[in-house]
Amino acid sequence: TMYLWYHVALLSLLLTASSAIPLHAGGSNTSRAIVLWHGMGDTCCLPVSMGRVKSLIQKQLPGAYVLSLMIGDNEAKDQYNGFFMPINEQLNFACTIISKDPKLAGGFHAIGFSQGGLFLRALVQICPQAKVQSLISIGGPQQGVFGLPRCITHSPFCETMRKLLEMGAYESIVQKRSVQAQYWQDPVNREEYLKYNIFLPDINNNFEDKKATYRDRILSLDKMVLVKFLNDTVVVPRESTWFEFYQDGQDEQIQPLKASNLYLEDWIGLKSLDAVGKLDRLECPGDHLEMPDGYFIQKIIPYLK
């Protein structure tokens, strides 16, 4: 209903969270191509967020070409589309940008922040023109989310919206119009998740009919890096950033990655990547995207060299 859609739209706005990474000077003379994809509520080019990340990388790697993806014709549309443009449409938009950029034709590193980490991983799988070398997901909900994070405003809508999304995430109008609903995974109602979620079950190869190209494209990576924030209250559960999720049928116990069918049956190539040392899972202190400059420089920059 329109009432439900209105409240889910407000829910998306309440979930907005971003954090700036301070600048830090210095670095080598290595030249590389790097693509960034921002998180929910952010834009490609805000000086306090992606603009600062871009500057940080260029200070550490003088001469590096850094493209921060803008999904839309301007920053306002970019921010709006992070909530309301269907994910697959965003992926097609990003694929077109990348395919037309000659500076990316020889390959590039990719860093995604929050939902941008999930989207860049999906881009690897569906866009052959995206010749990604190192894929770095910083707080990206690779297994989706279930439940609202802490309320970031003192609003009476917060708990009401939590229940609305749980009841309505798989409603057709919500799936078509709410980006966050498209990576909502209800572990208690797996059949509904598989039947009605229009994005995540497909890209994670959850269906019986596996898409070999999804696995093959992941295996083309030189490295996959997954960063989990130890006190993350935005991605619920925070273990999703490591491709872990609740065991089926409940929402308390987390199933370790290496005990999951996703890994054991190598649905998207994670086990194969891991076997040859190409899957790195890092921990970062703090809440969602609260990454100190020193951590970024010491832990992330080396993957870009």
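Residues numbered from 1 in each chain as written. Predicted model: local features only at pLDDT ≥ 70, side-chain atom pairs only at ≥ 80, totals over all residues. Heavy atoms only, no water.

With 4 bridges joining them, strand E1 (residues 33–37) and strand E2 (residues 65–68) adopt parallel strand pairing. By the bridge assignment, Ala 33 is partnered in E2 with Tyr 65. This β-α-β element, E1 to helix H2 (residues 50–60) to E2, shows right-handed connectivity. (Pairing = 2+ DSSP bridges. Helix = DSSP H or I, 4+ residues; strand = E, 2+ residues; numbered from the N terminus. Right-handed = clockwise from strand over helix to strand, strands pointing away.)

A few words now on the packing of helix H5 (residues 115–126) against helix H10 (residues 212–219). At a closest axis distance of 7 Å, the pairing of H5 and H10 adopts a crossing angle of 110°. Here H10 runs roughly perpendicular to H5, going by the angle between their axes. Crossing of H5 over H10 shows right-handed handedness. Touching Arg 121, Val 124, Gln 125 and Ile 126 of H5 are Thr 213, Tyr 214, Arg 217 and Ile 218, all from H10. Considered class by class, the residues forming the contact of H5 with H10 number 4 nonpolar, 2 polar and 2 charged. (Axes fitted to C-alpha atoms, helices over the stretch in contact; angles between N-to-C directions. Parallel < 35°, antiparallel > 145°, perpendicular 65-115°, else oblique. Left-handed = near helix turned anticlockwise from the far one by under 90°. Contact = heavy atoms within 4.5 Å. Nonpolar A, V, L, I, M, F, W, Y, C, P; charged D, E, K, R; others polar.)

Moving on: the pairing of strand E5 (residues 223–229). Looking along a regular strand, one sees side chains alternate from face to face of the sheet. The buried fraction of E5 amounts to 7 of the 7 residues, a majority that puts the element mostly inside the structure. Alternating positions in E5 separate into two faces, Lys 223, Val 225, Val 227 and Phe 229 on one and Met 224, Leu 226 and Lys 228 on the other, with burial throughout. Two strands pair when backbone bridges link them, and strand E4 (residues 132–138) and E5 are joined in this way by 5 bridges, in the parallel orientation. Note on E5: the bridge partner recorded for Ser 137 is Leu 226. Across 6 bridges, the pairing between E5 and strand E8 (residues 279–284) is parallel. (Buried < 20%, exposed > 50% of the residue type's maximum accessible area, 1.4 Å probe, protein only.)

The next subject is the state of the cysteines. In the structure shown here, the tally under the stated rule is 2 disulfides. Between Cys 44 and Cys 45 runs a disulfide, and the two sulfur atoms are separated by 2.3 Å. Between Cys 44 and Cys 45, the S-S torsion sits near -100°, and that sign places the bridge as left-handed. Relative accessible area serves as the criterion here: at 2%, Cys 44 is assigned to the buried category. Paired through a disulfide, Cys 95 and Cys 127 show a sulfur-sulfur distance of 2.1 Å. Measuring the twist about the S-S bond at about 80°, one finds the Cys 95-Cys 127 disulfide to be right-handed. Taken together, the residues Cys 95 in helix H4 (residues 87–99) and Cys 127 in the loop between H5 and E4 connect sequence positions 32 residues apart. Residue Cys 95 is classed as buried on the basis of its relative accessible area of 11%. (Disulfide = S-S within 2.5 Å.)

Attention now moves to the pattern of salt bridges. With the rule as written, the count across this model stands at 7 salt bridges. Note that Arg 215 and Asp 266 form a salt bridge whose closest N and O atoms lie 2.9 Å from each other. In this pair, Arg 215 is assigned in helix H10 and Asp 266 in the loop between helix H11 (261–264) and helix H12 (270–275), connecting sequence segments 51 residues apart. A relative accessible area of 9% places Asp 266 in the buried class. A salt bridge links Lys 258 to Asp 274, with the shortest nitrogen-to-oxygen separation between them at 3.5 Å. You can see Lys 258 sitting in the loop between strand E7 (254–255) and H11 and its partner Asp 274 sitting in helix H12, a full 16 residues away along the chain. (Salt bridge = Lys/Arg side-chain N within 4 Å of Asp/Glu carboxyl O.)

This brings us to the side chain of Asp 101. Structurally, the position occupied by Asp 101 is in the loop between H4 and strand E3 (108–113). One buried charged residue, Asp 101, forms no salt bridge at all, with the nearest opposite charge on Lys 103 at 6.3 Å. Excluding anything up to four places from it in sequence, Asp 101 contacts Tyr 65 and Leu 67. (Lys, Arg positive; Asp, Glu negative; His and termini not counted.)

Attention now goes to the side chain of Asn 206. Position of Asn 206 relative to the elements: it lies in the loop between helix H9 (200–203) and H10. Among the polar contacts made by the side chain of Asn 206, one reaches the side chain of Tyr 193 at a distance of 2.7 Å. (Polar contact = N/O pair within 3.5 Å; in protein donor to acceptor, adjacent residues only side chain to side chain.)

We now examine the confidence of the model for the chain. Summing up the model confidence of the chain, the mean pLDDT is 87 and the portion of residues at 70 or higher is 83%. Confidence drops under pLDDT 50 across residues 1–31; counting only partners more than four residues distant or on other chains, this segment forms 88 contacts. Within the model, the stretch residues 151–161 combines pLDDT values under 50 with 14 contacts to residues more than four positions away or in other chains. (pLDDT = per-residue confidence, 0-100.)

So, on to the sheet that holds E5. Pairing within the open sheet is parallel, and its 6 strands lie in the order E2-E1-E3-E4-E5-E8. Both edges of this open sheet fall to E2 and E8, since each of them pairs with a single strand only. Direction aside, neighbouring strands of the sheet carry axes that sit 15° apart on average. Sheet topology note: the E3/E4 ladder contains 5 bridges and is parallel. In the strand pairing of E4, Ala 110 is matched with Leu 135. Sitting on the sheet, H5 is in contact with E1, E3, E4 and E5, with an inclination near 145° to E3.

As a further point, take the environment of Asp 78. Take Asp 78: it is sitting in helix H3 (residues 75–84). Setting aside its immediate chain neighbours within four residues, Asp 78 contacts His 38, Thr 43, Cys 44, Leu 69, Met 70 and Ile 71.

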